[in-house]
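Coordinate inspection notes
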Amino acid sequence: MTFLPDTATLLSYSLACFILFITPGPDMSFFLAKTMQGGRSAGIAAMSGASFGNLVHSMAAAFGLSALIAASATAFAFVRIVGALYLLWMAYDAIRHGSALNIERGDRKDISVKRTFLQGLGVNITNPKIILFYLTFLPQFVAANDPHAQSKLLFLGIYFVIFALPLAVGLILVAESFIETMRRNPKLMRAIDFSFAGIFTLFAVQVLRMQGR
C-alpha cells in the first residue's frame, strides 16, 4: 500500500493530530455550543459539518500540493520551509495568546440538524486559517522526491478527519463536564497550549534542519 507513510511518520502525525484536536478553536467552540443549546444530535450535526469541511480542505490541499510537486520540487521545498515558519508562528501564538474556547450559554431549544450541519460546514470552509494550515501542515510529512506523494497527501488529509471523529463524538457526549473542567482549570488550558507549541516547534525545527542539509 504505497499511500501509507512509514510507521515513524504516521506516529508523529497521529500525535500532531491529537494535539490539534484537543487545542480549542472555532470548530470545537461551535459544536460544543450547539451541543449545549440543542443536545447531542445538534452537536454531532455541527461536528459533522466541520469534519466535511476539513475533508474538502484536505483533498484540495493534497491535489494542489501534488500539482506543485509535479511542477517543481524546489517550489514544494519552499512551501515546506514557509510551512515550518508558520508552525513556529502558531507555536508562539499559542503561548502568547492561549487557546480560545468560547461557549455561549443559552436555553435549550429545538435546532434544525440540517441547518446546523451547514453552519458547521460554513464555519470551517470560510476560515482562512484552516486553508493556510492544511497547505503548510501536510507537506511536513511528505518528501518532494517521494513518487507516491499525492496518494500519501490524500491519505494524511483523510486520516486526520477519521482520527478526529471518535474523539469529537466522545467530547460531545461529555460536553458539559468538559466545558466546566476547562473553565475551572486555566492551568490545564495552558498545559495544552504548551504541548501544542512544543510539538509544532519540534516539527518545524526538524523540517528546517532537513532543508538545510
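In case you missed it, the structure is sitting above this.
Residues numbered from 1 in each chain as written. Predicted model: local features only at pLDDT ≥ 70, side-chain atom pairs only at ≥ 80, totals over all residues. Heavy atoms only, no water.

The next thing to look at is the overall build of the protein chain. Along the protein chain, the regular secondary structure elements total nine helices and zero strands. Here the C-alpha radius of gyration of the protein chain, 18 Å, is about what a compact globule of 213 residues would show, namely 17 Å. Principal-axis analysis of the C-alpha atoms gives the protein chain an extent of 55 × 35 × 30 Å. The proportion of buried residues among the 213 residues of the protein chain is 46%. Intrachain contacts of the protein chain at a sequence separation of at least 6 include 87% that bridge at least 24 residues. Split by element, the accessible area of the protein chain, about 11,000 Å² in all, is 66% carbon and sulfur. Between the mean site of the 17 positive side-chain charges and the mean site of the 10 negative ones, the protein chain shows a separation of 3 Å. (Helix = DSSP H or I, 4+ residues; strand = E, 2+ residues; numbered from the N terminus. Rg over C-alpha atoms; globule rule 2.2 N^0.38 Å. Buried < 20%, exposed > 50% of the residue type's maximum accessible area, 1.4 Å probe, protein only. Contact = heavy atoms within 4.5 Å. Areas by Shrake-Rupley, 256 points an atom, 1.4 Å probe, with all protein chains shown as cover. Lys, Arg positive; Asp, Glu negative; His and termini not counted. Charge placed at Lys NZ, Arg CZ, Asp CG, Glu CD.)

The next subject is the side chain of Thr 116. Positionally, Thr 116 belongs in helix 5 (residues 113-125). When residues no more than four places from it in sequence are discounted, the contact partners of Thr 116 are Phe 30, Lys 34, Ala 42, Ala 45, Ala 46 and Ile 111.

With the rule as written, the count across this model stands at six aromatic pairs. Ring centres of Tyr 13 and Phe 141 lie 4.9 Å apart, and the angle between their planes is 80°; on these two criteria the pair is classed as edge-to-face. Separated by 128 residues along the polypeptide, Tyr 13 in helix 1 (residues 7-22) and Phe 141 in the loop between helix 6 (128-137) and helix 7 (149-173) bring together distant segments of the chain. There is no split in this pair, since Tyr 13 and Phe 141 are both buried. An aromatic cluster of three or more residues is present, and its members are Tyr 13, Phe 141, Phe 155, Tyr 159 and Phe 163. (Phe/Tyr/Trp six-rings, centres within 6.5 Å; stacked < 30°, edge-to-face > 60°.)

Axis separation between helix 1 and helix 7 bottoms out at 10 Å; the angle between their running directions is 45°. For the element pair helix 1 / helix 7, the angle class is oblique. Relative to helix 7, the crossing made by helix 1 is right-handed. Between helix 1, through Leu 10, Tyr 13, Ser 14, Cys 17, Phe 18, Leu 20 and Phe 21, and helix 7, the contact on the second element is made entirely by Phe 155, Leu 156, Gly 157, Tyr 159, Phe 160, Phe 163, Ala 164, Leu 167, Ala 168 and Leu 171. (Axes fitted to C-alpha atoms, helices over the stretch in contact; angles between N-to-C directions. Parallel < 35°, antiparallel > 145°, perpendicular 65-115°, else oblique. Left-handed = near helix turned anticlockwise from the far one by under 90°.)

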